[in-house]
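The residues making up each chain are set out below.
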Amino acid sequence: MKSLIEIEKILEETLTTERFRHTLGVMYTAAALAMKYGANLNEAMLAGLLHDCAKCIPKNEQKNLCKKYHILLTESEEKNPSLIHAKLGSYLAKDIYEVVNDDVLHAISYHTTGRPSMSLLEKIVYIADYIEPGRKDISNLTFIRKLAFENIDQTILKISENVLQYLESTNTVIDNMTKKTYEFYKQELKKEGE
Ligand code: DGI
Ligand code: FE
Ligand code: FE
């Protein structure tokens with residue numbers, strides 16, 4: 001297994017400066033959330049550090065790598081290549097960065113769309129990606145950043161709602177999993193309130 005520092009050095013060379021800064025922001029935000037909610041600190045930092053490891057690979061090369069790893073792409077991933085880096089990233093994490101922990105691999109795989117019934121670690125990476133200090137120009141971000149340290153499931157709901165609204169307003173095809181995440185946490189919180 002590679003250490004956080006070894007991985008950080010590789011990513012510094014393979015990601016753009018901007019993406020690397022975002023990556024460090026996600027890693028440390030995931031660490032803060034892990035402290036708050038009692039998740040494993042090293043796992044949270046590892047998943048945060050690697051979540052966008054496939055992001056700077058050219059799109060056609062990402063597709064070739066998916067073939068190499070026998071990753072089946074959904075129709076929506078075929079249409080929206082910006083979704084591919086999440087799933088591909090988890091395979092690279094395993095193959096190149098020697099990650100063996102399935103929870104960490106799932107957190108990387110689902111960081112863009114989320115999914116119903118996420119583990120604590122998956123929730124932490126999904127949220128950290130959205131709220132890290134370098135993120136700009138998202139409505140309600142000040143509110144969501146505060147909420148993230150108060151109620152984790154409400155934060156997932158707010159973020160998935162924002163993402164859906166944003167994708168609708170830009171006429172982007174929405175992945176089924178993105179919708180399912182929102183619907184699941186809406187139901188989940190309704191149950192809690194009853
Ligand atoms: O990789 P990041 O920029 O840090 O953030 P991300 O992994 O959450 O998002 C990657 C891109 O995917 C971003 O441009 C928003 C977009 N996206 C998120 N959910 C969906 C989506 N695009 C489509 N087409 N459908 C989705 O459901
Ligand atoms: Fe991403
Ligand atoms: Fe990201």
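The rules we used
Residues numbered from 1 in each chain as written. Chains lettered and ligands numbered in written order. Predicted model: local features only at pLDDT ≥ 70, side-chain atom pairs only at ≥ 80, totals over all residues. Heavy atoms only, no water. Salt bridge = Lys/Arg side-chain N within 4 Å of Asp/Glu carboxyl O. Helix = DSSP H or I, 4+ residues; strand = E, 2+ residues; numbered from the N terminus. Buried < 20%, exposed > 50% of the residue type's maximum accessible area, 1.4 Å probe, protein only. Donors = N, O, S within 2.8 Å, 3.2 Å for Na, K, Ca; no water.

### Some remarks on the pattern of salt bridges
Part 1: Per the stated rule, a full pass over the model turns up eleven salt bridges.
Part 2: A salt bridge links K146 to E150; the shortest N-O distance between them is 3.0 Å.
Part 3: Salt-bridge contacts for K186 lead to E183; the nearest nitrogen and oxygen are separated by 3.8 Å. Remark: E183 and K186 occur in helix α11 (residues 176–193); sequence separation between them is three residues, near one turn of the helix.
Part 4: Residue K186 is classed as partly exposed on the basis of its relative accessible area, which comes to 33%.
Part 5: In this structure E183 comes out as partly exposed when scored by relative accessible area, which is 39%.

### Brief notes about the coordination of the iron ion (ligand 2)
Part 1: On the protein side, the iron ion (ligand 2) has D52 (OD), H85 (NE2) and H111 (NE2) as donor atoms, found 2.1 to 2.2 Å from it.
Part 2: Here the donor residues of the iron ion (ligand 2) share one chain and are spaced in sequence as D-x32-H-x25-H.
Part 3: Here the iron ion (ligand 2) and the iron ion (ligand 3) are spaced 3.5 Å apart, with D52 acting as a shared donor. Here H85, found in helix α6 (residues 84–95), pairs with H111, found in the loop between α7 (102–109) and α8 (120–131); they are 26 residues apart in sequence, far enough to count as distant. We note that H85, like H111, is buried.

### Some thoughts on the coordination of the iron ion (ligand 3)
Part 1: Coordination of the iron ion (ligand 3) by the protein comes from H22 (NE2), H51 (NE2), D52 (OD) and D129 (OD), over a distance range of 2.2 Å.
Part 2: Counting gaps between the donor residues of the iron ion (ligand 3) yields the pattern H-x28-H-D-x76-D.
Part 3: What makes D52 buried here is its relative accessible area of 2%.
Part 4: Note on D129: relative accessible area 10%, which makes it buried.

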